[in-house]
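# Coordinates in review
Residues per chain, in single letters:
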Amino acid sequence: MNSVPALEEPLKKALGPATAKVMAEHLDLHTVGDLLHHYPRRYAERGELTRLADLPLDEHVTVVAQVASARILKFNGGTGQRLEVTITDGSGQLQLVFFGRGIHKPHKDLLPGTRAMFAGKASVFNRKMQLAHPAYELLRADALDAGEADEAIGSWAGALIPLYPSTAKLESWKIAKAVDMVLPSAQEALDPLPDSLREGRGLVPLPEALLKVHRPHTKADIADARARLKWDEAFVLQVALARRRFADAQLPAVARVPRPDGLLTAFDAKLPFTLTDGQQKVSKEIFDGLATEHPMHRLLQGEVGSGKTMVALRAMLAVVDAGGQAAMLAPTEVLAQQHHRSITEMMGELAEGGMLGGAEHSTKVVLLTGSMGVAARRQALLDLVTGDAGIVIGTHALIEDKVQFHDLGLVVVDEQHRFGVEQRDALRGKGKQPPHLLVMTATPIPRTVAMTVFGDLETSVLDQLPAGRSPIATHVVPAADKPHFLARAWERVREEVENGHQAYVVCPRIGDEEEQSKNGKGGKGGKGAKKESAEDAAEKRPPLAVLDVAEELAHGALRGLKVEVLHGRMQPDDKDAVMRRFAAGETDVLVATTVIEVGVNVPNATAMVIMDADRFGVSQLHQLRGRVGRGSAAGLCLLVSEMPEASPARARLGAVAATLDGFELSRIDLEQRREGDVLGQAQSGVRSSLRMLAVIEDEEIIAEARQEATAVVAADPDLEHLPGLRTALDALLDEEREQYLDKG
């Protein structure tokens, strides 16, 4: 056998440098194994054509269809020529256009009745879907007798034509031909699943699964292959996470048990309310974790406003009681300042350690952000290194080398998905021994995603709202179908303000960017325009911008009210000043981007209008909505959309309006967006490793794989007896992913 295992052979050697270069640059495929794991996205059947009616816009697509008609048209007073070909698949029609000198060959090839595969980017022109200058490969049933035709198509894949995720530079059929060249190597694929597991679950061996996924003869072949490959993905990932949990359990940590009548007791005694059952249950889980001699790694999920900050603060106080320090990491300065404000308010004199008037059991709570003045910053650093400050709240400025702790016992990370893993790890490295870790998120994460992305963390869920939180009524405002509804929305905002309350208006964009000049043309379809054209127009129009909307409202529908703007490009001091004025009730309406999505707490704000709501994800809308109804008055959230009623975007908004259950919404969100986005940008490792597994529909496989993985790792932590599994792990954990999982 050659010295390099067959699947690790570079594609350059297997396919030649030109193809290999395109595969590396455009599809991130480098070895024979990478290509074998680049699975078909779907399969076209010879007798059945893919549905043209369902083509996604602006994506590179491959379709199998039949030519219905072809004609050459002249333009530019007869000097220019274009070829228009209409293709059909039974579900709908699609226009192909070829220009200039490029029309002769397709004019000869694409005769009515011809079947072919076409690949290109789907775009809209004159309200019709089209592919401009698509690449094509003929399936020449017309030119051959039936036997030869079968063979021609059969050489693709028997009756099933695999359609691969492709790019403009590399059509699906070229990828198929490349796969043909490396397919024999599949025989040498090392099987990562232990034999007992594979046989016990009736899964086909890996070489067979690879053969069947690329060149299936029947639909049963595809089902066998998918079942097997899903298990691989779920199992290898869960083994990686189980090994992290196992390794973490071996690390030393200082057990932090609060003094019986210390700071925590004093804090609980002055709380004006009782904790919810959920808060008590989750607090107990956290305190049990803090009391162990290996680092607690816990994910705390809770709906917006479920009282996570209170639970985290009690955990921090417990650690201070036990002689340690606690650090809270927030993703933005606005949020860090806000946490600092609300925590010092909740603690009162207990936060005035070392000061006159401070309570007997008290500590210092310091803030550390990048924009602080030199003197304040120096004092904060001093308080940390001496141990005078038991609690520090800050942005990633906390991670810098200069920051040193006296004895860091607990790290609380707020809004986990905003942080890269390296940042979390750098902070953890500041303890004498690894500190305990509590990660909080207000984005409800379905159980399986939690098992996949945060699989090395134990999970606690806060799912009841504290007493005193008001319900939020949510309505969709169809601005395109019923413009008077939008006028009514602004009247409702006025009514809230007249009743002494305040309102948010959220827009997807800041405004004044160059992009306006680029897309400023988006108009609406004329009166006679069809349904889809309204959707196209709404899609094409640039998203509404904070600066424009604020100006329009201040001079129009909300004239006479005090309107201010808040967005991410403002200076930190200006942002803070705006937030302070809003919190103090000096501003009636705050027009903002999603900077208000996390952590902004103004109980007097009761109404929110979200413009172009269809441009936001379901979970994001739910997050935003959680900013109102935080006091005793009921909340109102209006989702403004110009999308037509029948569109998927409107269905999504309807789902948000129909339920306040974040977990239900995050399921809907996942089902609609698939996993890529949810597994997050910072989590690049996991995202690139999931090709077959669908996190929602494969819930059972993931849960079972987690159990199996935990058992395998407990029996053989170094996987000495499972060389195939070790190889698969190494492939999953190339450097970037190793870091991702390592630092989870």
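For the structure, check the block above.
### Here we look at the sheet that holds strand β12 (residues 389–394)
Ordered in space as β11-β12-β10-β13-β14-β9-β15, the 7 strands form an open sheet in which the pairing is parallel. Looking along the sheet, the strands with just one partner apiece sit at the ends: β11 (364–368) and β15 (458–462). With strand direction ignored, the average angle separating the axes of adjacent strands in the sheet is 20°. The sheet strands contacting helix α12 (residues 308–321) are β9 (297–302), β10 (325–329), β12, β13 (408–414), β14 (436–441) and β15, and the helix crosses β13 at an angle near 170°.

### With respect to the nonpolar core
With 38 residues, the main nonpolar core has Met316, Met347, Ile391 and Leu410 as its most contacted residues. In contact with Met316, not counting residues within four places along its chain, are Ala326, Met328, Ile343, Ile391, Leu410 and Val412. By size, the runner-up hydrophobic cluster in this structure holds 33 residues, among which are Ala6, Tyr39, Ala178 and Ala189.

### Description of the pairing of strand β18 (residues 563–566)
Pairing of β18 with strand β19 (residues 589–592) involves 4 bridges; the strand directions are parallel. From the neighbouring strand, Leu566 faces β19, where its bridge partner is Ala592. Read from β18 through helix α21 (residues 572–583) to β19, the crossover connection turns out right-handed.

### Describing the environment of Ala227
Relative to the elements of secondary structure, Ala227 occurs in helix α9 (residues 219–250). Among the residues examined, Ala227 registers a relative accessible area of 33% and is labelled partly exposed. Between the C-alpha atom of Ala227 and that of Gly202, which follows or precedes it by 25 residues, the distance is 9.8 Å.

### Describing the pattern of salt bridges
Enumeration over the complete set of coordinates arrives at 30 salt bridges. Across the pair Lys21 and Glu25 runs a salt bridge, and its minimum N-O distance is 3.5 Å. Linking Lys21 with Glu25, this pair stays in helix α2 (residues 17–27), spanning 4 residues, or about one helical turn. As far as burial versus exposure is concerned, Lys21 and Glu25 are alike and both exposed. The residue Glu400 makes a salt bridge to Arg377 at a minimum N-O spacing of 2.8 Å.

### Looking at helix α8 (residues 206–214)
With respect to burial, α8 is a largely interior element, 7 of its 9 residues being buried. Inspection of α8 places Leu206, Pro207, Ala209, Leu210, Lys212, Val213 and His214 among the buried residues, and these make up the whole buried set.

The rules we used
Residues numbered from 1 in each chain as written. Predicted model: local features only at pLDDT ≥ 70, side-chain atom pairs only at ≥ 80, totals over all residues. Heavy atoms only, no water. Pairing = 2+ DSSP bridges. Helix = DSSP H or I, 4+ residues; strand = E, 2+ residues; numbered from the N terminus. Axes fitted to C-alpha atoms, helices over the stretch in contact; angles between N-to-C directions. Contact = heavy atoms within 4.5 Å. Core = buried A, V, L, I, M, F, W, Y, C linked by side-chain atoms within 4.5 Å. Buried < 20%, exposed > 50% of the residue type's maximum accessible area, 1.4 Å probe, protein only. Right-handed = clockwise from strand over helix to strand, strands pointing away. Salt bridge = Lys/Arg side-chain N within 4 Å of Asp/Glu carboxyl O.

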